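Tertiary structure, described
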Amino acid sequence: MIELYKLHWSHYVEKVRWALDFKRLPWRGIDIVAFTKKEMQRFDCPQTVPLIHDTATGVAISDSSPIIRYLDEAYPERRLFPLDPVEREQAWQWMLRLDSTLGLYARRLGYTQVIMECPQTLAQLFMPNVCGGLFTRRGWRRLAAPVLGMMLTLRFRFHRNQQDGVYEALEALLLPLAEKLERDRFLVGEQFTAADLTLASLLRPLRIVPHFSHHPKLQSLFVWQERLFREHGRDATFPYEDAIRAQRQRRGAMRGLVRWMRADGREGFDLPHDALQVARNDIHPVNRWSLVLGLPAYLKLRWFSGISWMPYVPAAYSGV
Ligand SMILES: N[C@@H](CCC(=O)N[C@@H](CS)C(=O)NCC(=O)O)C(=O)O
């Protein structure tokens, strides 16, 4: 039995869930409290989510790509890595690069979009069981939203999206990927691998970011993603996607117009050209004093982010 310590909406967690389901391994999910992560403290490995504990071997391991590699080595049935060593290394490098670029920036922009359009959703994600679910009720949700929004803004630096060239860097990453996948069915070789699973999972938060979900040159990439979701029985939408869509339908508008888009902001990832050994992360510590800085950062993001409202139309790839 594999125990999976998770935050259910995390795109890194979805990678591991998908791998476990693909390999038909028995597993059980344990929802953790995001603020304390006390459920996983007994394990002597970096405390990021996802983390798995294999009760058969005693192995506990965090970081989604090493987890998937461990699963493939320990349980070789229904392989996710190619047998050919060159292709195997290619798949591994794709995973580490996507974890260190797409995964981090899509998380930033997905949360940014939630904060700009329906911040009350944050309480439903982070506090479903706190005080018997009090913060999922209407008025309390509104109270919790700015506090959670401030903490997340400081932790992941949403207020620096423009400065850090996040939109530009992601666009520069995704356009060639979309072109490649119009020619090839898979990222590596002729079969589905852990690299495809990584790309399709980590793209998910961008489905609520109109600059990407509605980008004419990226529609084929989302069609590719949807095909994989269908073929592998993955959830068509996550609850936060449904929440934001319902809000847009009610308002008839979405925050989609990125006003700046600099041509020189495209080098944002700054990764070494050599092979990567581990994935990068961008989590910054937040304490109660730094929270004082959170309020202006949060308010700026919510009201003066430079991303304007535009009429809501569904993305072409989804037709929803
Ligand atoms: N490279 C890691 C990234 C994992 C990660 O950053 N997880 C986030 C959740 S999406 C986390 O642990 N957050 C806890 C925190 O911010 O303390 C992976 O692929 O698993």
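About the criteria used
Residues numbered from 1 in each chain as written. Predicted model: local features only at pLDDT ≥ 70, side-chain atom pairs only at ≥ 80, totals over all residues. Heavy atoms only, no water. Helix = DSSP H or I, 4+ residues; strand = E, 2+ residues; numbered from the N terminus. Rg over C-alpha atoms; globule rule 2.2 N^0.38 Å. Contact = heavy atoms within 4.5 Å. Areas by Shrake-Rupley, 256 points an atom, 1.4 Å probe, with all protein chains shown as cover. Lys, Arg positive; Asp, Glu negative; His and termini not counted. Charge placed at Lys NZ, Arg CZ, Asp CG, Glu CD. Pairing = 2+ DSSP bridges. Axes fitted to C-alpha atoms, helices over the stretch in contact; angles between N-to-C directions. Near = heavy atom within 4 Å. Polar contact = N/O pair within 3.5 Å; in protein donor to acceptor, adjacent residues only side chain to side chain. Nonpolar A, V, L, I, M, F, W, Y, C, P; charged D, E, K, R; others polar. Domains from an automatic or database assignment. Parallel < 35°, antiparallel > 145°, perpendicular 65-115°, else oblique. Buried < 20%, exposed > 50% of the residue type's maximum accessible area, 1.4 Å probe, protein only. Patch = residues over 30% accessible without salt bridge, like charges linked within 9 Å, V, L, I, M, F, W, Y side chains within 5 Å. Salt bridge = Lys/Arg side-chain N within 4 Å of Asp/Glu carboxyl O. Buried area = accessible area lost by both parts, 1.4 Å probe.

On to the overall build of the chain. Of regular secondary structure, the chain possesses 12 helices and 6 strands. Over its C-alpha atoms the chain spans a radius of gyration of 19 Å, differing by no more than 12% from the 20 Å that the globule rule assigns to 320 residues. Its C-alpha atoms put the chain at 50 × 45 × 35 Å along the principal axes. The long-range fraction of contacts in the chain, counting pairs at least 24 apart against all pairs at least 6 apart in sequence, stands at 76%. For the chain, the exposed surface amounts to about 15,100 Å²; the carbon and sulfur share of it is 55%. One finds the centroid of the 44 positive side-chain charges in the chain at a distance of 9 Å from the centroid of its 34 negative side-chain charges.

Turning next to the sheet that holds strand S4 (residues 60-62). The strands making up a sheet are joined through hydrogen bonds of the backbone, oriented either antiparallel or parallel. Taken in spatial order, the 4 strands line up as S2-S1-S3-S4 in an open sheet, and their pairing is mixed. Across the chains shown, the open sheet's two edge strands, defined by having one partner strand only, are strand S2 (27-31) and S4. Going across the sheet, the axis of each strand differs from the next one's by a mean of 20°, ignoring polarity. Strand direction decides the pairing type here: strand S1 (residues 2-6) and S2, joined by 5 bridges, are parallel. Directly across from isoleucine 2, in S2, lies its bridge partner tryptophan 27. Packing against the sheet, helix H1 (residues 11-22) makes contact with S1, S2 and strand S3 (51-54), and its axis sits at approximately 160° to S1. The strands touched by helix H2 (residues 64-74) within the sheet are S1, S3 and S4, with S4 carrying the most contacts at an inclination of about 140°.

In the vicinity of the ligand, the residues found are Ser10, Tyr12, Lys37, Thr48, Val49, Pro50, Asp63, Ser64, Arg107, Arg155, Asn281 and Ile283. A distance of 2.9 Å separates a nitrogen atom of the ligand from a polar atom in the side chain of aspartate 63. One of the side-chain N or O atoms of serine 64 is found 2.5 Å from an oxygen atom in the ligand. Notes on the ligand: free accessible area 520 Å², of which the protein chains cover 93%. Taken together, the residues that form the shell around the ligand break down as 4 nonpolar, 4 polar and 4 charged. Formed jointly, the shell around the ligand draws a minimum of three residues from each of two domains, domain 1 (2-80) and domain 2 (99-311).

At a closest axis distance of 3 Å, the pairing of helix H3 (residues 85-100) and helix H4 (residues 102-117) adopts a crossing angle of 30°. In terms of their interaxial angle, H3 and H4 are classed as roughly parallel. Contacts between H3 and H4 involve Arg97, Leu98, Asp99 and Ser100 from the first element and Leu102, Gly103 and Leu104 from the second.

Take H2 next. When H2 is considered as a whole, its buried residues turn out to be Ser64, Ser65, Ile67, Ile68, Tyr70, Leu71 and Asp72. On its buried side, H2 packs onto S1, H1, S3, S4, H3 and helix H8 (194-202).

With that settled, consider a nonpolar patch on the surface. On the surface, Leu295, Leu299, Trp303 and Phe304 cluster together into a nonpolar patch covering about 460 Å² of accessible area. Tracing the backbone shows tryptophan 303 in helix H12 (residues 291-303).

Here we take up a positive patch on the surface. A grouping of Arg138, Arg142, Arg250 and Arg251 is seen on the molecular surface, where their side chains present a positively charged patch. When you line up the elements, arginine 142 lands in helix H6 (residues 138-156).

Many descriptions give the size of an interface as the accessible area lost when the pieces come together. Looking at the chain, the domain boundaries give domain 1 (2-80) and domain 2 (99-311). Taking only C-alpha atoms, the centre of domain 1 and the centre of domain 2 are 22 Å apart. In this complex, domain 1 contributes 19 residues to the contact, which on the side of domain 2 involves 27 residues. Summing both partners gives a buried area of about 2,200 Å² for domain 1 against domain 2, and 66% of it is carried by carbon and sulfur. The largest contributions to the domain 1 side of the interface with domain 2 come from Trp9, His11 and Trp18, which together make up 38% of the buried area. Put simply, lysine 15 and aspartate 99 hold a salt bridge, and the shortest N to O gap is 2.8 Å. Between the two partners, domain 1 and domain 2, sit 10 residue pairs in polar contact (both at pLDDT 80 or more). Mapped onto the side of domain 1 that touches domain 2, the elements with two or more residues apiece are H1 and H2. Here the side of domain 1 that touches domain 2 is built from residues that sort into 9 nonpolar, 5 polar and 5 charged.

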